[in-house]
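Results of the structural survey
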There are 2 protein chains.
Amino acid sequence: MQAYDQLSHHFSAITSLRQVDSLLDWDRSVMMPPEGITLRARQSAVLNVKIHEMLTDARLNDWLEKADDGKLDPWRAANLRLMREQHREATAVSPDLIARKMAQEAQTEMIWRRARAENDFAMVRPDLEKLFDLVCEYADARAAVLGMSPYDALMAHYVPGMTSAEVDVLFDDLAQVLPDMLGRAIDSQPEVVALDGDFAVERQHQAARLLAGKLGFDLSRWGRLDVSAHPFSMGIGGDVRITARYDRRDFMSSLMAVAHEAGHGFFDRHTPASWHDQPVGVSGNMGMAIHESQSLGVEMQMGRMRGYWEHLAPELAKIFGGSSAVWTGENLYRHATRAARSLIRFEADEISYPLHVILRYRLEKHLVAGTLAVRDLPDAWRAGMQELVGITPPDDAVGCMQDIHWHSGAVGYFPAYALGAVIAAQFTAALKRD
Amino acid sequence: MQAYDQLSHHFSAITSLRQVDSLLDWDRSVMMPPEGITLRARQSAVLNVKIHEMLTDARLNDWLEKADDGKLDPWRAANLRLMREQHREATAVSPDLIARKMAQEAQTEMIWRRARAENDFAMVRPDLEKLFDLVCEYADARAAVLGMSPYDALMAHYVPGMTSAEVDVLFDDLAQVLPDMLGRAIDSQPEVVALDGDFAVERQHQAARLLAGKLGFDLSRWGRLDVSAHPFSMGIGGDVRITARYDRRDFMSSLMAVAHEAGHGFFDRHTPASWHDQPVGVSGNMGMAIHESQSLGVEMQMGRMRGYWEHLAPELAKIFGGSSAVWTGENLYRHATRAARSLIRFEADEISYPLHVILRYRLEKHLVAGTLAVRDLPDAWRAGMQELVGITPPDDAVGCMQDIHWHSGAVGYFPAYALGAVIAAQFTAALKRD
């Protein structure tokens, strides 16, 4: 067998096991009974050690050296580039560290679910501290091999090809401009008919399924839509699973989240099927800034167009009933495009959304640099929210515990959201122009 | 590290990956959207090749030789015995064969679901033929190493320590006695008030959850109860998942199946937790005859006692409503203990149940020996049902396609059911006596 084919065979197996790992994660968040956690953490750890062994297989050096015979087509060449990167990143970190980090991630995330429900940051703090210690150890190891700062070495996993120095420039610009813009938008908003009410979870789930279907997310053939503490999307290879969470007082945020996760799902699903078992066919390997441009493109660009809500309004009226003045396309459109100083990132409007992200980006840089301690996170969060968004959270459940990311070890991810929002806006501008 | 500790560490990883494999199976049957199947088959195959590599690791010979220092306690000694067996069985079969068999199992099972729903044996036949070819190849490979016949080599996986010659003696006896006993039981049954009606699936699910809870199957802490084409139980390590299927015309069979699967679940859950990551802590390694004695003990022994139904009757009356004459403990007890010439194995009474199993046992022995072709299976099934149970199935959906086992590659399993029924009866007799 030629070296490239050897690699392709080897990375097909790695990609399959990564899909299995995705299923373990999905199941843990959506299906697993609570007491499954102890052994689930071990299962993930063992599987990831196996994947790591395969990524650091001694034969890879030889294959990687010989694989490019100058005749690879662009897909194969891109595939080879990703294999090389994955090998390089894997050799940076010991299997033991991977295992310890994975176990702590699962443990912390499980406790975070309870801590957030009970609004008790002290409950999750010890585990979050342990997890950040491991994240820093991991960042240092990557930094040494990749030749960049520890935080950049984390971010490179989600936003390959971009440094935090570049992100700083963009984010500092945005932090300069957006707070004023937010104030002006709030001051000049058109009137709306309130959407107050009690929206039964079953009806919201029905509306969510309807929206997913209309967007083209096929729940009968390749998609699932379930409920979890934090909405997410997970490609398992041949199928794609998204989740929602429902707030009885607010159906719109759940619909927005469904549109967001469906956007991720489309990117997972619509990479060419014949490449689904190779690194180049896995959407996540394109970087999460690009991935978020797809989800935010559906949620924040398409989902904030007048026609979108004019189309949905009569259907939602049927599902939820109540006053007809509420369920006009114009009224829903005004709600969807309404700016506000709000507490929750994923419910935020387009203007304040990047500010929420910038806060997290700055905090996690400090946490990794050691210039902020986990125990000081709630205070730093409150101060940052006041400075950037102009509002102070009343508690940690809607403050520093609102997002799953840090509690599951995903540090360096957040910038991808704001970068994705920018890219989505650029895509949409180009679409409109053409 | 001592050899035993090396082994323990190694087999803990193997056991974890087996749990992951169980999750893949559970998800495939319960959650996965249809188009997930192509890559799911590949995921299972890759994972099983990994497990196989670990079971045939070159270091094992040395460790297994040195592990027994004469000071192992009974748990460790039993654990070592199982490690030795698993290593020996794994070396019998090539990773390539495992992978091909796994892929064909997933493929056949998926098609079987459709074929059974559409009552079309011809739809699944080509895949079932391919699967039996692979099962025979697998049986031959095991037979050569284990020094037994191909069928016995398959059965050894589920009923370790017993030969088909021994099973033949018991089953021939039962096949001699039971048909007459069945006839006599049918002729002398007490009258019942019919349970005809339309039992909504949601209410059956409610009743199933109630029963599971009363039996001690804890759905809030460590258990799940879902719906699948064929009821099954799956221990994922720290949690246990059972499934039911609901027939609107017949709530009792779904309740019986829930009791059955809960029995399996208890055995999974109640092995000592500190051994859950070792072969000796995995209930399935005790053999499926013992496992079925636990499930059939709950379903067919405990579940056919008068007090069981007297306790459930008022609760079921509340859930299903309707005539009060139906919902007396005595009437439900009479239904539960009613004998009949029926088509479906898992709905059968205690007398005809072993006859259903004996039919399958005899047929699968012939299929493996090559003295029966897959294409002749429907005819052979009909003839065998008439001979043993005294009834001929009107179609293959309630005939040779009713069970998942052959369609998912589980050949040699069936005898465990009848052996389990015998053991359950012995346990119950001993319990009553003491």
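Everything in this summary refers to the structure shown in the same document.

1. Focus on the overall build of chain A
Within chain A one finds 16 helices and three strands. In terms of overall dimensions, chain A is globule-like: its C-alpha atoms have a radius of gyration of 22 Å, near the 22 Å expected for 434 residues. For chain A, the spread of C-alpha atoms along the three principal axes comes to 70 × 45 × 45 Å. Across the 434 residues that make up chain A, the buried fraction comes to 59%. If you take every contact in chain A between residues at least 6 apart in sequence, the share linking residues at least 24 apart comes to 73%. Total accessible area on chain A is roughly 17600 Å²; 52% of this is exposed by carbon and sulfur atoms. Charge centroids of chain A, computed over 45 positive and 59 negative side chains, lie 3 Å from each other.

2. A few points about the nonpolar core
Core analysis: the largest hydrophobic core is formed by 74 residues, its most contacted members being Phe121(A), Phe171(A), Tyr353(A), Leu377(A) and Trp406(A). With 10 residues, the top contributor of residues to this core is helix 6 (residues 121–146) of chain A. Dropping the residues within four chain positions of it, Phe121(A) is found in contact with Leu128(A), Val374(A), Leu377(A), Pro378(A), Asp396(A), Cys400(A) and Met401(A). Judged by nonpolar contacts, the second largest core, of 66 residues, contains Trp112(B), Met155(B), Met385(B) and Leu388(B).

3. Regarding the sheet that holds strand 3 (residues 240–244) of chain B
All names here are of chain B. Pairing is mixed across the open sheet formed by three strands, whose spatial order is 1-3-2. Strands at the two margins of the open sheet, each flanked by one partner only, are strand 1 (223–227) and strand 2 (233–235). Taken over all neighbouring pairs, the strand axes of this sheet differ in orientation by 20 degrees on average, direction set aside. Here strand 2 runs beside strand 3; their pairing, made up of three bridges, is antiparallel. Along strand 3, the bridge assignment pairs Gly235 with Val240.

4. Quick look at the pattern of salt bridges
Considering all chains together, one arrives at 68 salt bridges over all chains under this definition. Between Asp218(B) and Arg221(B) there is a salt bridge whose closest N-O contact spans 3.1 Å. Take Asp218(B): its relative accessible area is 18%, and that puts it in the buried class. Residue classification places Arg221(B) among the partly exposed positions, given a relative accessible area of 41%. Of the charged contacts in the structure, one is a salt bridge between Asp247(B) and Arg249(B), with a shortest N-O distance of 2.8 Å. Since its relative accessible area comes to 63%, Arg249(B) is described here as exposed. Here the salt bridges share partners, and the residues they tie into one network are Asp25(A), Arg28(A), Glu109(A) and Arg113(A).

Procedures and definitions
Residues numbered from 1 in each chain as written. Chains lettered and ligands numbered in written order. Predicted model: local features only at pLDDT ≥ 70, side-chain atom pairs only at ≥ 80, totals over all residues. Heavy atoms only, no water. Helix = DSSP H or I, 4+ residues; strand = E, 2+ residues; numbered from the N terminus. Rg over C-alpha atoms; globule rule 2.2 N^0.38 Å. Buried < 20%, exposed > 50% of the residue type's maximum accessible area, 1.4 Å probe, protein only. Contact = heavy atoms within 4.5 Å. Areas by Shrake-Rupley, 256 points an atom, 1.4 Å probe, with all protein chains shown as cover. Lys, Arg positive; Asp, Glu negative; His and termini not counted. Charge placed at Lys NZ, Arg CZ, Asp CG, Glu CD. Core = buried A, V, L, I, M, F, W, Y, C linked by side-chain atoms within 4.5 Å. Pairing = 2+ DSSP bridges. Axes fitted to C-alpha atoms, helices over the stretch in contact; angles between N-to-C directions. Salt bridge = Lys/Arg side-chain N within 4 Å of Asp/Glu carboxyl O.

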